[in-house]
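# Fold and contact review
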Amino acid sequence: MTRVLFVVSAADRWTLKDGEVHPSGYWGEELAMPHKIFTRAGWEITIATPGGKVPTLDRLSMSRTAGLPSKLREVARYLDSIQGELNNPRPLEEIAPDAYDLVFYPGGHGPMEDLAVDPVSGALLTRVLHSGKPLALLCHAPAATFAAKNEDGSWPFAGYRMTGLSNLEEKFNSFGRKAIWLLEDRLRESGADYRKGRLPLRPFMEVDRNLYTGQNPASSELLAKRLVDDLDT
């Protein structure tokens, strides 16, 4: 059986450059839809967070601006069905990444607050990337890679083709214009070969070696289905 580790942000806020604290967490669709697709494939899923803290759902991800009503209802029902798992995450500090066949990071603004500076997550990302096992990061989750370092201090993801939420997509949110840093900019500055789709808010993904990345919430199912296709082949 394929074993999947979901690494989920434990942050419930995103601090902006003017000091404002914006309520945040994980994005509903980005956790629910891949979890649902992986479960239907018969995969075993473990959810882990920094410190084993119960993750916070970003309520904005369930608002009318976040998607079609039918999709939001599907996401809400599925999150309700796995609430027991979400309420009892494993502490990330206790996780042995070698025990898993795939490591998956859903997004939301939460990772920009905690995982981007979390050394435990950074070490896990470095180890999995170098192991050759599939590593997947969705939307804002590539922010977690900024905590990763090779032994010589270099960034393990330099030169990798990858995507993540674009500057334009971030600025669709009024508060996004107050971000301390933007994911697209920082990925480029750090040395990633950043790519994005021709149209914002449309499904888009990149695969480079064992690194799988999705651009935005709309990419959740595309990314998850590609992973199932590749790992079950």
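Residues numbered from 1 in each chain as written. Predicted model: local features only at pLDDT ≥ 70, side-chain atom pairs only at ≥ 80, totals over all residues. Heavy atoms only, no water.

## Some details on the overall build of the protein chain
To be explicit about the condition: Strands are runs of DSSP state E lasting at least two residues, helices are runs of H or I lasting at least four, and both sets are numbered from the N terminus onward. Radius of gyration here is computed from C-alpha atoms only, and the compact-globule reference equals 2.2 Å multiplied by the residue count raised to the power 0.38. A 1.4 Å probe rolled over the protein chains alone gives each residue an accessible area, and that area as a share of the maximum for its type sets the label: buried under 20%, exposed over 50%, partly exposed in between. Whether two residues are in contact is decided by their heavy atoms, any of which lying within 4.5 Å being enough.
A count of helices and strands for the protein chain gives 8 helices and 11 strands. Its C-alpha atoms give the protein chain a radius of gyration of 16 Å, within 12% of the compact-globule value 17 Å for 233 residues. In terms of overall dimensions, the protein chain has a C-alpha envelope of 45 × 40 × 35 Å along the principal axes. Counting only residues that meet the buried cut, the protein chain has 55% of its 233 residues in that class. Residue pairs in contact within the protein chain that sit at least 24 positions apart in sequence constitute 76% of those at least 6 positions apart.

## Focus on the UniProt feature "domain: DJ-1/PfpI" (unreviewed entry) in the protein chain
Put simply, the test is: UniProt positions are given in the numbering used here, feature names are shortened, and annotations may be inferred rather than shown by experiment.
Per the UniProt record, "domain: DJ-1/PfpI" (unreviewed entry) is annotated on residues 30–228. With 34% helix and 14% strand, residues 30–228 has end C-alpha atoms that lie 16 Å from one another.

## Remarks on the packing of helix α1 (residues 28–40) against helix α8 (residues 220–231)
Any two packed helices are characterised by how steeply their axes cross, that is the angle between the axes, and by the distance between the axes. Here is the rule: Note on geometry: axes are lines fitted to C-alpha atoms, helical ones only across the stretch in contact, with angles between N-to-C directions running from 0 to 180 degrees. The scheme is simple: roughly parallel for angles under 35 degrees, roughly antiparallel for over 145, roughly perpendicular for 65 to 115, oblique for anything else. Handedness of a crossing follows from how the near helix is turned relative to the far one, being left-handed for an anticlockwise turn of less than a right angle and right-handed for a clockwise one. Under this grouping Gly is polar, as are all residues other than the nonpolar Ala, Val, Leu, Ile, Met, Phe, Trp, Tyr, Cys and Pro and the charged Asp, Glu, Lys and Arg.
Interaxial distance between α1 and α8 falls to 9 Å at its minimum, and their mutual angle equals 30°. Put simply, α1 runs roughly parallel to α8. As for how α1 packs across α8, the hand of that crossing is right-handed. Side by side, α1 and α8 meet where Glu 29, Glu 30, Met 33, Pro 34, Ile 37 and Phe 38 of the first sit next to Ser 220, Glu 221, Ala 224, Lys 225, Leu 227 and Val 228 of the second. Looking at the contact of α1 with α8 residue by residue, the class counts come to 7 nonpolar, 1 polar and 4 charged.

## Considering helix α5 (residues 119–131)
Cut-off, in case you're wondering: An expected span of 1.5 Å times one less than the residue number is assigned to each helix.
The end-to-end C-alpha distance of α5 is 18 Å, a good match for the 18 Å that 13 residues give at a rise of 1.5 Å each. Taken residue by residue, α5 has Ser 121, Gly 122, Leu 124, Leu 125, Thr 126, Val 128 and Leu 129 as its buried positions. If you follow the buried residues of α5, they end up packed against β1 (3–7), β6 (102–105), β7 (135–138) and β11 (211–214). The first or second residue beyond α5 is Gly 132, which carries a positive phi of 90°.

## With respect to a nonpolar patch on the surface
Defined as follows: Like-charged residues within 9 Å of one another, or nonpolar side chains (Val, Leu, Ile, Met, Phe, Trp, Tyr) within 5 Å, are grouped into patches, provided each residue has over 30% relative accessible area and no salt bridge. Throughout, the Shrake-Rupley method with a 1.4 Å probe supplies accessible areas, and for residues the shown protein chains are the sole cover considered. A carboxyl oxygen of Asp or Glu within 4 Å of a side-chain nitrogen of Lys or Arg is what we treat as a salt bridge.
A surface patch of nonpolar side chains, about 300 Å² in accessible area, is lined by Leu 168, Phe 172 and Leu 201. Looking at the element boundaries, Leu 168 is found in helix α6 (residues 167–171). Given the relative accessible area of 46%, Leu 168 is considered partly exposed.

## With respect to the nonpolar core
The condition that has to hold: Think of a nonpolar core as a cluster: buried Ala, Val, Leu, Ile, Met, Phe, Trp, Tyr and Cys residues, connected wherever their side-chain atoms sit within 4.5 Å.
Tyr 105 and Leu 135 are the most contacted members of the largest nonpolar core, which has 36 residues in total. Broken down by element, this core gets its largest block of residues, 4 residues, from α5. In contact with Leu 135, not counting residues within four places along its chain, are Leu 102, Val 103, Leu 125, Val 128, Leu 129, Phe 157, Asn 210, Leu 211 and Tyr 212. In terms of nonpolar packing, the next biggest core, distinct from the first, is built from 32 residues, Ile 45, Val 207, Leu 223 and Ala 224 among them.

## A short note on the pattern of salt bridges
Summed over the entire model, instances satisfying the criterion amount to 14 salt bridges. Between Arg 161 and Glu 206 there is a salt bridge, with the nearest N and O atoms lying 2.6 Å from each other. One end of the pair, Arg 161, is in strand β8 (residues 161–162); the other, Glu 206, is in strand β10 (residues 205–208), with 45 residues separating them in the sequence. Exposure remark for Glu 206: the relative accessible area of 10% places this residue in the buried category.

## Things to note about unusual backbone geometry
Of note in the backbone geometry, Cys 139 takes a positive phi value of approximately 60° without being a glycine. Tracing the chain through its elements places Cys 139 in the loop between β7 and β8. For Cys 139, a relative accessible area of 2% translates into the label buried. Backbone geometry at Leu 201 places phi at a positive 65°, although glycine is not the residue there. With respect to the helices, strands and loops of the structure, Leu 201 is situated in the loop between β9 (193–194) and β10.

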